[in-house]
Amino acid sequence: MALAYSGIPVEIREISLREKPASLLAISPKGTVPVLQSDDLVIEQSYDIMKWALKQFDPDQWLSAETENVTDEWIEKNDGPFKKLLDQYKYPDRYPDISLEETLSQATSLFLGPINEELKKGAYLLGPKISLADIAIFPFVRQFAMVNPDWIDQSGLKFLKQWLNEHTESPLFLSVMHKYPTWHDSTPE
Ligand SMILES: N[C@@H](CCC(=O)N[C@@H](CS)C(=O)NCC(=O)O)C(=O)O
């Protein structure tokens, strides 16, 4: 979404995680996606790719010097503790000792509840204006909400629900949610 918003032209190579192409591992041996390559530059973290794009073109000021620290804090909470809870929730078989109730309660008190509180004050995470924090975080909340479609209504987190709906229905999100053919190194460039 950040790349599309910034208007930087990119070639997207969807890969199979089960059969990672040698060309990916050659530039980024850690083997996770996304990876962005631009001439000699290789960026291996999605958040860094987003920031790289916005540093070049950010027409609606999704990120600024004033908001960078608070945005980093939200992303750290998302990528660390919330991502762990999301995995527990998505793959309960891998965590037989942790109950669903416990995961839900921790995710709500740690992350989803605080987001809902922020959204009571303004339509977006950092206030009245959309920002990189919204764009970077809502896809993870979307994944969480997709595990049990009844959960969000039962949660009572109505500001979170409204925010999630707005972002998952946005023209920008819909415009990038395509299925791309899988890239193989034998695919003609
Ligand atoms: N913090 C990294 C996480 C990247 C990540 O873990 N991506 C997953 C896919 S969503 C992956 O590539 N996993 C490697 C694998 O399953 O082999 C980022 O945001 O770029």
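Shown above is the structure to which this text applies.
Just so it is clear, the model here is predicted, and its values are computed rather than measured. (Residues numbered from 1 in each chain as written. Predicted model: local features only at pLDDT ≥ 70, side-chain atom pairs only at ≥ 80, totals over all residues.)

## So, the nonpolar core
What counts, and what does not: For the purposes of this analysis, a nonpolar core is taken to be any set of buried Ala, Val, Leu, Ile, Met, Phe, Trp, Tyr and Cys residues that are connected through C-beta atoms within 7 Å. With C-beta atoms placed from the backbone, a residue is buried if 20 or more other C-beta atoms are within 10 Å of its own, exposed if 12 or fewer are, and partly exposed between those counts. Secondary structure elements are defined from DSSP: runs of H or I of at least 4 residues count as helices, runs of E of at least 2 residues count as strands, and each element is numbered from the N terminus. Residue ranges assigned to the domains are those given by an automatic or database domain assignment. Here contacts are defined at the residue level, using C-beta atoms placed from the backbone and a cut-off of 7 Å between them.
Ranked by internal contacts, the top residues of the largest apolar core, which has 33 residues, are Ala 107, Leu 132, Val 141 and Leu 160. Elements that contribute at least two residues to this core include exactly α1 (2-6), α3 (46-56), α4 (68-90), α5 (100-121), α6 (132-147) and α8 (158-168). Each of domain 1 (2-60) and domain 2 (68-172) gives at least three residues to this core. Every residue in contact with Leu 132, bar those within four places of it in the chain, is listed here: Met 50, Leu 54, Trp 62, Leu 63 and Thr 71.

## With respect to the site of the ligand
For clarity, the threshold we go by: Residues are counted as near a molecule or strand when the C-beta atom, derived from backbone positions, lies within 6 Å of that molecule or strand. For this classification, Asp, Glu, Lys and Arg are treated as charged, while Ala, Val, Leu, Ile, Met, Phe, Trp, Tyr, Cys and Pro are nonpolar and the rest, including Gly, are polar.
Lining the immediate surroundings of the ligand are Leu 17, Gly 31, Thr 32, Val 33, Pro 34, Gln 45, Ser 46, Tyr 47 and Asp 79. When its residues are assigned to classes, the shell around the ligand shows four nonpolar, four polar and one charged.

## With respect to the environment of Val 141
Within the secondary structure, Val 141 sits in helix α6. The buried category is assigned to Val 141, around which 25 C-beta atoms lie within 10 Å. Along the backbone, Val 141 and Asp 72 are 69 residues apart, and their C-alpha atoms lie at a distance of 17 Å. Contact partners of Val 141, with chain neighbours within four places excluded, come to Leu 112, Leu 160 and Leu 164.

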